[in-house]
Amino acid sequence: MDLIASFYIDELHDMLLYKKLSKIVKDKEAKEKFIMLSEVEKFHSEFFKKIMNRLSIKIPKSPSNFLITIEAIFFYIFGLNLTLKLFEERESATVVNYLKLYDDERLTKEEKETLKRVIQDEMEHESFFKEKTESAFLKNLRDILLGINDGLIELLAAVSGFVGAYAVGFLVGIAGIVIGVSGSLSMAVGAYIASKSEGELNENKRLRRLLMSRVLNAPQPEAQEESTAKESAFFVGFSYFIGALIPTLPYFLSLNIRADQALSYVFTIIVLAIVAFITSITTGVDYKKKILEMIGLAIAASLATFSLGLFIHYALGLKVY
């Protein structure tokens, strides 16, 4: 799909979604803002449509109303704050993509001027969404998604390997819990060190900007909010452990080992799909592509370790008493 056509679809999608959300949110200010945003996104979509008509680019089909309704319900269930945080991340990614489009030689001078207005609109949208999201939980959304995703995939692969090696559900579950705890601690320590190093680097940059502003009499950029190293460590470590429990807990049901394994896959795939959907919104990536990508990688990794476990089982003649 042409880049301009994909922008058209994105703007049309957002217009319909904002319109749908304006009908279900209870916050009066948010309701009015969503209505306004819907009108702005309508202008944006019509702008890209005019460019496509001029360039004879085929107009793609409108987004599925059913899927947009599902998205709106999802946002409603998880609350306004999470919804706005996701939109903040998405608008940020959109601005970057539009800045890249600005260098497209197919655009006329007048179209580039209009595109500037579109970019400015998106930046204003991002600012609004950012103002509405203040809780520490939402500031650490990326850490949470990272931890859950890693916990899901790593533990699904690990327990699959144990199933292949000795095929005893209770032992698989115990091994999974041990790995989940150790992985959680490891992730937390890694996140703490990385976040602390980043904080020290940002502090050095802040001091440098301050000195430059004094020497050159230039205005100092506004400081950006950052998560503390302890917050990052907590959210990454805790969310990793939660993610690790999903593929592990079914093995404590003491069912047939294959039934336990099947439930482990089903639960993990469901949660992975949810995480992939949220991730796709924050990055602006097509959610179907992201869901298939994450589930595909998880299954591939688990099948590889299951095969390794089977090889070890038969190669070493493992027996469990």
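In this numbering scheme, every chain counts its residues from 1 along its sequence in written order. The model is predicted, so local features are restricted to residues of pLDDT at least 70 and side-chain atom pairs to those at 80 or more, both for listing and for counting; the totals for chains, interfaces and linings are taken over all residues. Only hydrogens and water are set aside when side-chain values are computed; all heavy atoms of the structure are taken into account.

**Q** Can you explain helix 11 (residues 287–316)? Please cite residues and give values.
**A** Helix length check: helix 11 (30 residues) gives 43 Å between terminal C-alpha atoms against 44 Å at 1.5 Å per residue, within 8%. Restricting attention to buried positions, one finds in helix 11 the residues Lys290, Ile291, Met294, Ile295, Ala298, Ser302, Phe306 and Gly309. Backbone geometry just downstream of helix 11 places Gly317 in the positive-phi region, at approximately 65 degrees. For the purposes of this entry, the term helix denotes a DSSP run of H or I that reaches at least four residues, the term strand denotes a run of E that reaches at least two, and both are numbered from the N terminus. Given the number of residues in a helix, its expected span is that number minus one, multiplied by 1.5 Å. For every residue, the accessible area obtained with a 1.4 Å probe (protein chains only) is divided by the maximum for its type, and the residue is called buried under 20%, exposed over 50%, and partly exposed between those limits.

**Q** Just give me the short version of the nonpolar core, but keep the residues and values in it.
**A** Joining through side-chain atoms within 4.5 Å is the link that ties buried Ala, Val, Leu, Ile, Met, Phe, Trp, Tyr and Cys residues into a set, and such a set is a nonpolar core. Leu17, Leu21, Phe34, Leu272 and Val275 are the most contacted members of the largest nonpolar core, which has 29 residues in total. Contributions of two or more residues to this core are made by helix 1 (3–22), helix 2 (28–54), helix 3 (65–78), helix 7 (141–166), helix 10 (257–283) and helix 11. Per-element tally for this core: the top contributor is helix 7, with seven residues. The contact definition used throughout considers only heavy atoms, calling two residues in contact when any of these lie within 4.5 Å. Beyond its immediate stretch of four places on either side in the chain, Leu272 contacts Asn149, Leu152, Ile153, Met294, Ile295 and Ala298. In terms of nonpolar packing, the next biggest core, distinct from the first, is built from 19 residues, Ala5, Phe7, Ile51 and Met52 among them.

**Q** Could you give me a rundown of the packing of helix 7 against helix 11, with the residues and numbers involved?
**A** Each pair of packed helices gets described by two things: the angle between the helix axes and the distance between those axes. Where helices are involved, their axes are fitted lines through C-alpha atoms of the stretch in contact, as for all axes, and angles between N-to-C directions lie from 0 to 180°. Taken N-terminus to C-terminus, the directions of helix 7 and helix 11 make an angle of 25 degrees; their axes are 6 Å apart at the nearest point. As judged from the angle between their axes, helix 7 and helix 11 are roughly parallel. With respect to the hand of their crossing, helix 7 and helix 11 are arranged in right-handed fashion. Of helix 11, the residues touching helix 7 (which contributes Asn149, Ile153, Leu156, Ala157, Ser160, Gly161, Val163, Gly164, Ala165 and Tyr166) are Met294, Ala298, Ala301, Ser302, Thr305, Phe306, Gly309, Leu310 and His313. Of the residues assigned to the contact of helix 7 with helix 11, the class counts are eleven nonpolar, eight polar and no charged. Under this scheme an angle from 65 to 115 degrees is roughly perpendicular, one under 35 degrees roughly parallel, and one over 145 degrees roughly antiparallel; angles in between are oblique. With the far helix as reference, a near helix turned anticlockwise by less than a right angle produces a left-handed crossing, and one turned clockwise produces a right-handed crossing. Polar here means any residue other than Ala, Val, Leu, Ile, Met, Phe, Trp, Tyr, Cys and Pro, which are nonpolar, and Asp, Glu, Lys and Arg, which are charged; Gly is therefore polar.

**Q** Got a sec to walk through the packing of helix 7 against helix 9 (residues 229–248)? Specific residues and values, please.
**A** Two elements in contact, helix 7 and helix 9, have axes separated by 6 Å at closest approach and are oriented at 35 degrees. At the point where helix 7 passes helix 9, the crossing takes the right-handed sense. Residues Asp143, Ile144, Gly147, Ile148, Asp150, Gly151, Leu152, Glu154, Leu155, Leu156 and Val159 of helix 7 form the contact with helix 9, whose own contacting residues are Ser232, Phe235, Val236, Ser239, Tyr240, Gly243, Ala244, Ile246, Pro247 and Thr248.

**Q** So what about the side chain of Ser184? Which residues, and what values?
**A** Positionally, Ser184 belongs in helix 8 (residues 169–216). With a relative accessible area of 11%, Ser184 lands in the buried category. Within the structure, Ser184 has its side chain in polar contact with the backbone oxygen of Gly237 (distance 2.6 Å). Under the rule applied, a polar contact is a pair of N or O atoms within 3.5 Å (in protein, one hydrogen donor and one hydrogen acceptor; residues adjacent in sequence only if both atoms are side-chain atoms).

**Q** Residues and numbers for the environment of Ala301, please.
**A** By secondary structure assignment, the location of Ala301 is in helix 11. With a relative accessible area of 27%, Ala301 lands in the partly exposed category.

**Q** So what about unusual backbone geometry? Which residues, and what values?
**A** With phi around 60 degrees, Ser56 is a residue other than glycine that occupies positive phi space. Summarising the element assignment, Ser56 is placed in the loop between helix 2 and helix 3.

**Q** Which residues make up the side chain of Glu11, and what values do they have?
**A** Position of Glu11 relative to the elements: it lies in helix 1. According to the relative accessible area criterion, Glu11 is buried, its value standing at 1%. Aside from chain neighbours lying at most four places away, what touches Glu11 is Glu41, His44, Ser45, Phe48, Tyr98 and Glu122.

**Q** Got a sec to walk through the environment of Ala158? Specific residues and values, please.
**A** Topologically, Ala158 is positioned in helix 7. Of the residues examined, Ala158 reaches a relative accessible area of 19% and is grouped as buried. The spacing of Ala158 and Pro247 is 89 residues in sequence and 9.5 Å in space, taken between C-alpha atoms.

**Q** Which residues make up the packing of aromatic side chains, and what values do they have?
**A** Aromatic rings from Phe, Tyr and Trp, with only the six-membered ring used for Trp, were paired whenever their centres fell within 6.5 Å, and each pair was classed as stacked if the ring planes differed by under 30 degrees, edge-to-face if by over 60, and tilted otherwise. For the structure on display, the rule yields nine aromatic pairs. Each ring, one from Phe48 and one from Tyr98, has its centre 5.4 Å from the other, and the planes form 50 degrees; the classification is tilted. Here Phe48, found in helix 2, pairs with Tyr98, found in helix 4 (residues 80–101); they are 50 residues apart in sequence, far enough to count as distant. The residues Phe48 and Tyr98 share a single accessibility class, namely buried. Taken together, a centroid distance of 6.0 Å and an interplanar angle of 20 degrees make the contact between Phe162 and Tyr166 stacked. Within this pair, Phe162 and its partner Tyr166 are both found in helix 7, separated by four residues, close to a single helical turn. In this structure Phe162 comes out as partly exposed when scored by relative accessible area, which is 22%. Put simply, the rings of Phe7, Phe47, Phe48 and Tyr98 touch in pairs and so form one group of aromatic residues. In our convention, an over-ring charge means Lys NZ or Arg CZ found within 6 Å of a ring centre and within 35 degrees of that ring's normal. Its guanidinium or amino end placed over the ring of Tyr102, Lys112 lies 5.5 Å from that ring's centre, counting from NZ or CZ. A cation over a ring is seen here: Arg117 above Phe43, with NZ or CZ 4.2 Å from the ring centre.

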